[in-house]
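What follows is each chain in one-letter form.
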Amino acid sequence: MAQDARPQQGPRSLLGSVLNSDGKAHPVENTLVAVTIVLGAIAFISSAFHHLHLLSSWSGLVGILTGAWGQFISATTGERFLLVIGLGAAAIGFFLGMAHGGLFGGVLG
């Protein structure tokens, strides 16, 4: 049987076309985008709960660092767009986590 020559349509191919809009694969940059989005979501959501300040502050801090490095090496506008969204969520989660108790609040001292 002959394979269908049309490109696959779906969320994964749509995301790939946004992230790799220049036609080249960027595995490192795309991984940093995914990690930043996930850490930003974790930090943002967990910052709504006062007792999860350790999770929100640490995931926010790591999300800010991975997002900053991703911005530094990003190759396409789509990568930069998603990195800014992830960075914003990570920063909000980090700052609220710091306000609720910080990186070591209640564990040390």
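Notes on the structure follow. (Residues numbered from 1 in each chain as written. Predicted model: local features only at pLDDT ≥ 70, side-chain atom pairs only at ≥ 80, totals over all residues. Heavy atoms only, no water.)

Now for the side chain of glutamate 79. Following the sequence through the fold, glutamate 79 ends up in helix α4 (residues 77-100). Lacking a salt bridge, the buried glutamate 79 has arginine 80 as its closest oppositely charged neighbour, with an N-O distance of 6.4 Å. Contacts of glutamate 79, omitting those with residues within four sequence positions, involve Leu19, Asn20, His26, Glu29, Asn30, Val33 and Ser74. (Helix = DSSP H or I, 4+ residues; strand = E, 2+ residues; numbered from the N terminus. Buried < 20%, exposed > 50% of the residue type's maximum accessible area, 1.4 Å probe, protein only. Lys, Arg positive; Asp, Glu negative; His and termini not counted. Salt bridge = Lys/Arg side-chain N within 4 Å of Asp/Glu carboxyl O. Contact = heavy atoms within 4.5 Å.)

A few words now on helix α3 (residues 53-73). An ideal rise of 1.5 Å per residue puts 30 Å on 21 residues; α3 measures up with 30 Å between its terminal C-alpha atoms. Taken residue by residue, α3 has His53, Ser56, Ser57, Ser59, Gly60, Gly63, Thr66, Gly67 and Gly70 as its buried positions. (Expected span 1.5 Å × (residues − 1).)

Right, let's get into helix α2 (residues 27-46). Over its 20 residues, α2 runs 28 Å from end to end, which matches the ideal 28 Å to within 8%, given 1.5 Å per residue. Residues of α2 that are buried: Glu29, Asn30, Leu32, Val33, Thr36, Leu39, Gly40, Ala43 and Ser46.

Once that is clear, we can look at the side chain of serine 46. By secondary structure assignment, the location of serine 46 is in helix α2. Of the residues examined, serine 46 reaches a relative accessible area of 4% and is grouped as buried. A distance of 3.4 Å separates a polar atom in the side chain of serine 46 from the backbone oxygen of alanine 43. In this structure serine 46 touches Leu52, Leu55 and Ser56, once residues within four positions along its chain are discounted. (Polar contact = N/O pair within 3.5 Å; in protein donor to acceptor, adjacent residues only side chain to side chain.)

Running from N to C, α3 and α4 point in directions that differ by 150°, and their axes come no closer than 7 Å. Our classification of the angle between α3 and α4 gives roughly antiparallel. Pair α3 / α4 crosses with left-handed handedness. Here His53, Ser56, Ser57, Gly60, Leu61, Gly63, Ile64, Gly67, Ala68, Gly70 and Gln71 of α3 come into contact with α4, specifically with Arg80, Leu83, Val84, Leu87, Ala90, Ala91, Gly93, Phe94, Gly97, Met98 and His100. Looking at side-chain class alone, the contact of α3 with α4 contains 10 nonpolar, 11 polar and one charged residues. (Axes fitted to C-alpha atoms, helices over the stretch in contact; angles between N-to-C directions. Parallel < 35°, antiparallel > 145°, perpendicular 65-115°, else oblique. Left-handed = near helix turned anticlockwise from the far one by under 90°. Nonpolar A, V, L, I, M, F, W, Y, C, P; charged D, E, K, R; others polar.)

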